[in-house]
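A structural walkthrough
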Amino acid sequence: MAGHMNAAPAPAPAVTTIQARGLRKCYGDHVAVAGLDLDIAEGEFFGLLGRNGSGKTTTLHMLSTLIRPTSGTASVAGEDILARPVAVRARIGLVFQESALDRSLSVEENLQFAGALYDLPPALVRRRTDELLKLFDLGSKRRVAVGALSGGMRRALDIARGVLHRPRVLFLDEPTIGLDVINRRAIWRFLARLRQEQGVTVVLTTHYLEEAVDCDRVVFMSHGKIIGSGKPVELIRSLATSILEITADDAASIIARLKPILGDCIQDADHVQFRVRDGTATLADWQRQLPPVHALALREPDLNDVYVWMNHGAGGTPA
Amino acid sequence: MKRAIAAIIGRELKRMVRQRGRLVAAMIRPLVWLFIIGSGFQALVEGGGQGHYKQFMVPGLLCMVLLFGAMLAALSLVYDKESGVMRMLVIAPFSHYWIVLARILSAAIAAIFQALLLVVVLISFRLFGLDYFGLPANLSLSALGLVLTSLTCATTGMLIAVHSKTLDNFAVIMNFVIFPMFFLSGALYPLEHLPPILKAFALVNPFSYGVDLMKHSILRDVPANFSADLNVGTDIAVMAAYITLGTIVACLRFSQVSVREKLAKALSGSRRA
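Residues numbered from 1 in each chain as written. Chains lettered and ligands numbered in written order. Predicted model: local features only at pLDDT ≥ 70, side-chain atom pairs only at ≥ 80, totals over all residues.

**Focus: the overall build of chain B**
- The secondary structure content of chain B amounts to eleven helices and zero strands.
- In sequence order, the secondary structure elements of chain B are arranged as α-α-α-α-α-α-α-α-α-α-α.
- Taking the principal axes of its C-alpha atoms as reference, chain B extends roughly 70 × 40 × 35 Å.
- Of all 273 residues assigned to chain B, the portion counted as buried reaches 42%.
- Contacts in chain B between residues at least 24 apart in sequence constitute 81% of all its contacts with a sequence separation of at least 6. (Helix = DSSP H or I, 4+ residues; strand = E, 2+ residues; numbered from the N terminus. Buried ≥ 20, exposed ≤ 12 C-beta atoms within 10 Å, placed from the backbone. Contact = placed C-beta atoms within 7 Å.)

Below is the structure:
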């Protein structure tokens, strides 16, 4: 079934910036990535989604030439990752899960250092530093030591560091991991601004699946394989109009009653969830049909649900 | 590439200057040796004639500053393996062996800076009538000696750094590498009087050649029993060969697939996820 869930796959990209064929990485007996095919278009905002250990970071590291694939090939920004890794690195930016900054240096000094590593003239680094610090609301922190910045500011600076040399592709490995909700929103806001201003292709991984809803396209990974892909809104729309969640002691009787109406469900002990495809019924309507339960909720589906149901459909465990 | 290397060196010097403690310790260590050990030994050898022991010690102590300065700076690569800076370096658009080359270079330069600082301190002692250090016998040879010795020490530190995972065994390195290199180098006593086994150890110690070259270039008017043991050409050739070979080994090791994969794993932070 090739893992594609919705009927209409995303249209073939106009200019391909990243192309991977049969990308595979094994560590001894462990298969981290099991033969990946990817086509990512110029300017696309692309999400690589999945739980921890699903192979997202390994994929990112292969595409950014930090590790070599066991087999398979890929080209990034027109350069082959195996034949010309240095050329690939010149054209990409990578933001790791953990900070790639020197805590002992100031905000400005970190960007100067990063700029020098890309052989940028100091005047250019100064100009871009001004632009980026403004873009990421860090203008007032210029001379502050990185060690004294908050987690959110540090992540923002790390992203600024990643795009200082105007890469054609920006890889972000879990850009919001370890941040609180407010800072997470700020990071997504910065990324939107960055894409608007620079039109850079962004490839990110995240296991906060619901956050990837603004991506142009997402791919779901599980155990090193792609289990589904598509546009977030379409994936969500084709999953359901809403999700009905019920917590009850006698889950079996609830399932018996609702299965004929709503079809398949996902059960986890006394918790059951159904997909509702007909959006007219209200929570009160459902309540009337059911015996008393502990909890009943009708909510909008998100990418998390898409992933859970995808795994369910594939016969996997709903992570 | 020039900008990148300059930035890596600049960062090392900036860090050295900002970590005042490290710099002060680097100055005090040789002075303790000069005043305490030096005074004791001088009294011991005084019987033999003039009091030249402290002057004799100066080349060795300059080398000691190079040894500690360069080794510690190069060994800090082990800490950096999991640091933000290493993330910036591995993703930068140059081959990974440049990271090793730039680190060796920056460690050597930081060490030379410290040695020159000690020279300034020693010269300023003349104001108090303490004549330990005057104009070197051969200025350009001393410059060459500083460069080669610091590179020798930096290469040694880098060879250890690229082979070790953590510096939990730092004390081990201190006790079983740095101190033996110093004691078995002719820095404190001429090699010629050593028992044959120790002398053999001293001769496989690349640092000995640095100390010897510095004695050649700095010492003047010392009695024959305090002069250098080897010849200048040998000193230069041995160190040049050691630096070249050691650097190549360190670069190859750092570019090895298994080492790079471990590094990528450490840098990805997935251990903590």
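Here the narrative resumes, following the displayed structure.
**Observations concerning the interface of chain A and chain B**
- Facing the 26 residues of chain A at the interface are 26 residues of chain B.
- Ranked by the residues each element gives to the side of chain A that touches chain B, the list is headed by helix 3 (residues 107-117) of chain A, at four residues.
- Here the residues of the side of chain A that touches chain B are counted per class, giving 13 nonpolar, seven polar and six charged. (Nonpolar A, V, L, I, M, F, W, Y, C, P; charged D, E, K, R; others polar.)

**A short note on the environment of Thr155 of chain B**
Residues and elements named next belong to chain B.
- Relative to the helices and strands, Thr155 is located in helix 6 (residues 139-163).
- Along the sequence, Thr155 and Ala250 sit 95 residues apart, while their C-alpha atoms lie 8.0 Å from each other.
- Apart from the residues within four sequence positions on either side, Thr155 is in contact with Ile104, Tyr242, Ile243, Gly246, Thr247 and Ala250.

**A few points about the packing of helix 5 (residues 151-163) of chain A against helix 6 (residues 181-198) of chain A**
Residues and elements named next belong to chain A.
- Between helix 5 and helix 6, the least distance of the axes is 9 Å, while the angle of their chain directions is 20°. Taken together, the axes of helix 5 and helix 6 lie roughly parallel to each other. Here the hand of the crossing between helix 5 and helix 6 comes out right-handed. For the pair formed by helix 5 and helix 6, the contact residues are Gly151, Gly152, Arg155, Ala156, Ile159 and Val163 on the first element and Asn183, Ala186, Ile187, Phe190, Leu194 and Gln198 on the second.
- Its residues assigned to classes, the contact of helix 5 with helix 6 comprises seven nonpolar, four polar and one charged. (Axes fitted to C-alpha atoms, helices over the stretch in contact; angles between N-to-C directions. Parallel < 35°, antiparallel > 145°, perpendicular 65-115°, else oblique. Left-handed = near helix turned anticlockwise from the far one by under 90°.)

**Thoughts on the environment of Val257 of chain B**
Residue and element names in this part refer to chain B.
- For Val257, the position within the fold is in helix 11 (residues 257-268).
- On the neighbour-count criterion, Val257 (9 C-beta atoms within 10 Å) is exposed.
- When the C-alpha atoms of Val257 and Asp80 are compared, they prove to be 19 Å apart, with 177 residues separating the residues in sequence.

**A short note on the nonpolar core**
All names here are of chain B.
- If you look at the biggest cluster of nonpolar residues, it comprises 164 residues, and the most contacted ones within it are Leu67, Ala70, Ala74 and Ala111.
- Top element by residues in this core is helix 3 (residues 53-80). It accounts for 20 residues.
- The contacts of Ala111, once residues within four sequence positions are left out, are Val65, Leu66, Gly69, Ala70, Ala73, Ser150, Cys153 and Ala154. (Core = buried A, V, L, I, M, F, W, Y, C linked by C-beta atoms within 7 Å.)

**Points about the environment of Ser255 of chain B**
Residues and elements named next belong to chain B.
- Relative to the helices and strands, Ser255 is located in helix 10 (residues 232-255).
- Note on Ser255: 15 C-beta atoms within 10 Å, which makes it partly exposed.
- Distance from Ser255 to Val238, taken between C-alpha atoms, is 26 Å for residues 17 residues apart in sequence.
- Leaving out residues up to four positions away in the same chain, Ser255 has contacts with His96, Tyr97 and Arg260.

**Digging into the confidence of the model for chain A**
- Predicted confidence across chain A gives a mean pLDDT of 89, with 94% of residues reaching 70 or more.
- Ignoring residues within four places in sequence, the model shows residues 1-7 of chain A, a span with pLDDT below 50, making 14 contacts including any to other chains. (pLDDT = per-residue confidence, 0-100.)

**Points about the pairing of strand 1 (residues 16-27) of chain A**
Residues and elements named next belong to chain A.
- Bridging between strand 1 and strand 2 (residues 30-41) involves nine bridges; their strand directions are antiparallel. Residue pairing across strands places Leu23 opposite Leu36, the latter belonging to strand 2.
- Hairpin connection from strand 1 to strand 2: two residues lie between these consecutive antiparallel strands, with Gly28 at a positive phi of about 65°.
- As judged from the five bridges shared by strand 1 and strand 4 (residues 71-76), these two strands associate in the antiparallel manner. Its bridge partner lying in strand 4, Arg24 is registered against Ser71. (Pairing = 2+ DSSP bridges.)

**A few points about the domain arrangement of chain A**
- When the domains of chain A are assigned, the result is domain 1 (16-236) and domain 2 (241-300).
- Look at where the C-alpha atoms of domain 1 of chain A and domain 2 of chain A centre, and you get two points 39 Å apart. (Domains from an automatic or database assignment.)

**Brief notes about helix 1 (residues 56-63) of chain A**
All names here are of chain A.
- Of all eight residues making up helix 1, eight are buried, and the element is well covered by its neighbours.
- All of the buried residues along helix 1 are Lys56, Thr57, Thr58, Thr59, Leu60, His61, Met62 and Leu63.
- The first or second residue beyond helix 1 is Thr65, which carries a positive phi of 65°.

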